[in-house]
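Close look at the chain arrangement
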Amino acid sequence: MDKKLFRSLILLITYAVVLVAVIVKIDAVTGWLGGVIAAFRPLIIGAVIAFILNRPCNFFARLYQRALPEKARGAARPLAAATAYLIVIALFTALIALVVPELTHSIEMFIGNLNAYAANFQALFDWVVAKLDLEQLANLDLSAGISDSLKDLLTGALDALTNTLPHLIGMTGVLISAVVTGVISFVFSIYVLSGGPRLTAQCRRLVQAYLPGKMADTVLSVTRLTADTFSKYVNGQIIEACILGSLCFLGMCVLRFDYAPLISVAVGVFALIPIAGAYLGAVLAVLLLVMIDPWQAVWFLVFLVCLQQFEGNLIYPRVVGTSMGLPGIWVLAAVTVGGSLLGLVGMVVSVPLAAVAYTLLRQDLRSRTPAPAPAEPPEDPQS
């Protein structure tokens, strides 16, 4: 038998045996993969942080390389990484100092006025029942139901705190583990961010050394496209969320809507989720405002729709850049499938993954489809 054919048969049989074993022992394989991911979790978190801060770090590195003398340019990258971290820490500190007190005040005011809001909601419900002539719902007391639900919620919270006290040692262990994970992730992200160009060059050399030439070029091209797509998407979503939350807060203050800090923070956070985030933020705000004043909830919806159109069509393309070139139907399909498979994380990462797949498919189709022949110029009738 030919040695090449024999080797191919051995590889095929090995692949089939491994595939059957994985299918039969899928629970064990899943548990093993979960353990591996948990072991590498600090490194994964650190790599994600470094990836998010890579663009501002590159910007500061270029500035330091121009400003520093030639002998000191080797310190440009570490200085750029330190500058990026200092700016992020300063921004988070300022955000917490400005937003958290207002957010706490809004939550306290909402809890203090909950009985009045429940009465307002009951009055709105009675008005709707009277207008629509729904006699079977006329005696339904929603105000008491809301008050009872709040009491049950507070009682459950107190019981949870009481039952949690004996488990403080376990909570301390979880807290220590989280702190250790955070410290390792932070240190690893600093190393990755400081030596980014060197690590990239080393990974490129490994791929070129251990893969055939054509396959190595393909892997490097796909990796470069994926990194650029994710970088553009992550930075764009963060900037868009900050812009939308800030404009929402300013607009709510000008129009004198209630709970401007609380609703603006919710709208900005939900804006990180593509497509569904806008609706989730709007639903949360309406549920909060409808108990205060139904007309205020209606006007807020009008304001939020206008704000999203203004920010998405005028501000976002100029600040962040053009879109990722992904058709709307692909975005909707990616968010739906990603949310079904991985929940919130899947909704966030599905769009850049779909953009990468769409770009690769379009490039492959162009390479397989012959280019149309150029049109011949019309003949001159006088010749």
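Residues numbered from 1 in each chain as written. Predicted model: local features only at pLDDT ≥ 70, side-chain atom pairs only at ≥ 80, totals over all residues. Heavy atoms only, no water.

Take the packing of aromatic side chains next. One pass over the full model with this rule turns up five aromatic pairs. Each ring, one from phenylalanine 59 and one from phenylalanine 60, has its centre 5.4 Å from the other, and the planes form 65 degrees; the classification is edge-to-face. A relative accessible area of 41% means that phenylalanine 59 is categorised as partly exposed. The interplanar angle of 50 degrees and the centroid separation of 6.2 Å between the aromatic rings of phenylalanine 300 and phenylalanine 303 together place this pair among those described as tilted. Residue phenylalanine 300 and its partner phenylalanine 303 are both found in helix H13 (residues 294-319); the two are separated by three residues, about one turn of the helix. Residue phenylalanine 300 is classed as buried on the basis of its relative accessible area of 0%. The class for phenylalanine 303 is buried, based on a relative accessible area of 14%. An aromatic cluster of three or more residues is present, and its members are Phe257, Phe300 and Phe303. (Phe/Tyr/Trp six-rings, centres within 6.5 Å; stacked < 30°, edge-to-face > 60°. Buried < 20%, exposed > 50% of the residue type's maximum accessible area, 1.4 Å probe, protein only. Helix = DSSP H or I, 4+ residues; strand = E, 2+ residues; numbered from the N terminus.)

Another point: the state of the cysteines. All told, the structure shown has zero disulfides when counted by the stated rule. Counting only cysteine sulfurs, cysteine 253 is the nearest neighbor of cysteine 248, a cysteine outside any disulfide, at a range of 9.3 Å. (Disulfide = S-S within 2.5 Å.)

With that out of the way, let us pick up the packing of helix H3 (residues 41-52) against helix H4 (residues 54-67). Between H3 and H4, the shortest axis-to-axis distance is 4 Å and the interhelical angle comes to 50 degrees. The angle between the axes of H3 and H4 places the two elements in the oblique class. For the pair formed by H3 and H4, the contact residues are Ala50, Phe51 and Ile52 on the first element and Asn54, Arg55 and Pro56 on the second. Of the residues that constitute the contact of H3 with H4, the class distribution is four nonpolar, one polar and one charged. (Axes fitted to C-alpha atoms, helices over the stretch in contact; angles between N-to-C directions. Parallel < 35°, antiparallel > 145°, perpendicular 65-115°, else oblique. Contact = heavy atoms within 4.5 Å. Nonpolar A, V, L, I, M, F, W, Y, C, P; charged D, E, K, R; others polar.)

All right, on to the side chain of serine 189 then. Following the sequence through the fold, serine 189 ends up in helix H8 (residues 168-194). Residue class for serine 189 comes out buried when judged on its relative accessible area of 0%. The contacts of serine 189, once residues within four sequence positions are left out, are Gly46, Ile49, Ala50 and Tyr85.

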